[in-house]
Amino acid sequence: EGEANWYGAALMAEYRFNSAFRLAGRAERFYDLSGARGINTHVTEGTLTAALAAGSNAEVRAEVRGDTAAAPVFVDGTSHRQATAQVAFLAWF
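Owing to the predicted nature of the structure, the values given are computational and were not obtained by experimental measurement.

Draft legend 1. Main features of the pairing of strand S2 (residues 21-32). Of the pairings in the sheet, the one linking strand S1 (residues 7-16) to S2 comprises ten bridges and is antiparallel in character. Within S2, the position partnered with Tyr15 by the bridge is Leu23. Counted along the chain from S1 to the antiparallel partner S2, the turn is four residues long. Relative to strand S3 (residues 41-53), S2 is paired through twelve bridges, and the arrangement is antiparallel. In the strand pairing of S3, Asp32 is matched with Thr41.

Laid out in structure tokens, this is it:
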């Protein structure tokens, strides 16, 4: 993107307790120190996911995620941190 640089890295792991239940974790770091993606800082996130199979083609997932940044980029640019949680039902065909 011209002379601007941005880059990141991620680490992911999953543990299956049995055929129906698994836990997964993810950590990511994203650098946009020259503003190529519009944030001019670095951001770190960590996510923990629990998944429970619902038959052979569906699952229920619960996920919690925490984000931190060196600059206040969350909540309309006023916070360095944010936390989110979700529950989802996924099906595939």
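What follows continues from the structure just given.
Draft legend 2. Broad picture of the packing of aromatic side chains. All told, the structure shown has four aromatic pairs when counted by the stated rule. Ring pairing ties together the aromatic residues Tyr15, Phe17 and Phe21, which thus form one cluster. Here the basic side chain of Arg37 rests over the ring of Trp6, its NZ or CZ set 5.2 Å away from the ring centre.

Draft legend 3. Summary view of unusual backbone geometry. Look at Asn40: it is not a glycine, yet its phi comes out positive at around 55°. You can see Asn40 is positioned in the loop between S2 and S3. The backbone phi angle of Val75 is positive, close to 50°, even though this residue is not glycine. Its place among the elements puts Val75 in the loop between strand S4 (58-69) and strand S5 (81-91).

Draft legend 4. Seen up close, the side chain of Thr41. Of note, Thr41 is situated in strand S3. For Thr41, a relative accessible area of 4% corresponds to the buried category. Looking at Thr41, its side chain comes within polar contact range of the main-chain nitrogen of Ala71, at 3.3 Å. Leaving out residues up to four positions away in the same chain, Thr41 has contacts with Phe30, Tyr31, Asp32, Leu33, Ala69, Ala70, Ala71 and Val73.

Draft legend 5. Seen up close, the pattern of salt bridges. Evaluated as defined, the whole model comprises eight salt bridges. We note a salt bridge from Arg26 to Glu45, for which the minimum N-O separation is 3.0 Å. Here Arg26, found in strand S2, pairs with Glu45, found in strand S3; they are 19 residues apart in sequence, far enough to count as distant. Residue Glu45 is classed as buried on the basis of its relative accessible area of 5%. For the salt bridge of Glu45 with Arg65, the shortest nitrogen-to-oxygen distance reads 3.7 Å. Of this pair, Glu45 sits in strand S3 while Arg65 sits in strand S4, placing them 20 residues apart in sequence. With relative accessibility at 30%, the residue Arg65 sits in the partly exposed group.

Reading guide: rules and limits
Residues numbered from 1 in each chain as written. Predicted model: local features only at pLDDT ≥ 70, side-chain atom pairs only at ≥ 80, totals over all residues. Heavy atoms only, no water. Pairing = 2+ DSSP bridges. Helix = DSSP H or I, 4+ residues; strand = E, 2+ residues; numbered from the N terminus. Phe/Tyr/Trp six-rings, centres within 6.5 Å; stacked < 30°, edge-to-face > 60°. Lys NZ or Arg CZ within 6 Å of the ring centre and 35° of its normal. Buried < 20%, exposed > 50% of the residue type's maximum accessible area, 1.4 Å probe, protein only. Polar contact = N/O pair within 3.5 Å; in protein donor to acceptor, adjacent residues only side chain to side chain. Contact = heavy atoms within 4.5 Å. Salt bridge = Lys/Arg side-chain N within 4 Å of Asp/Glu carboxyl O.

Structural measurements only, silent on function.
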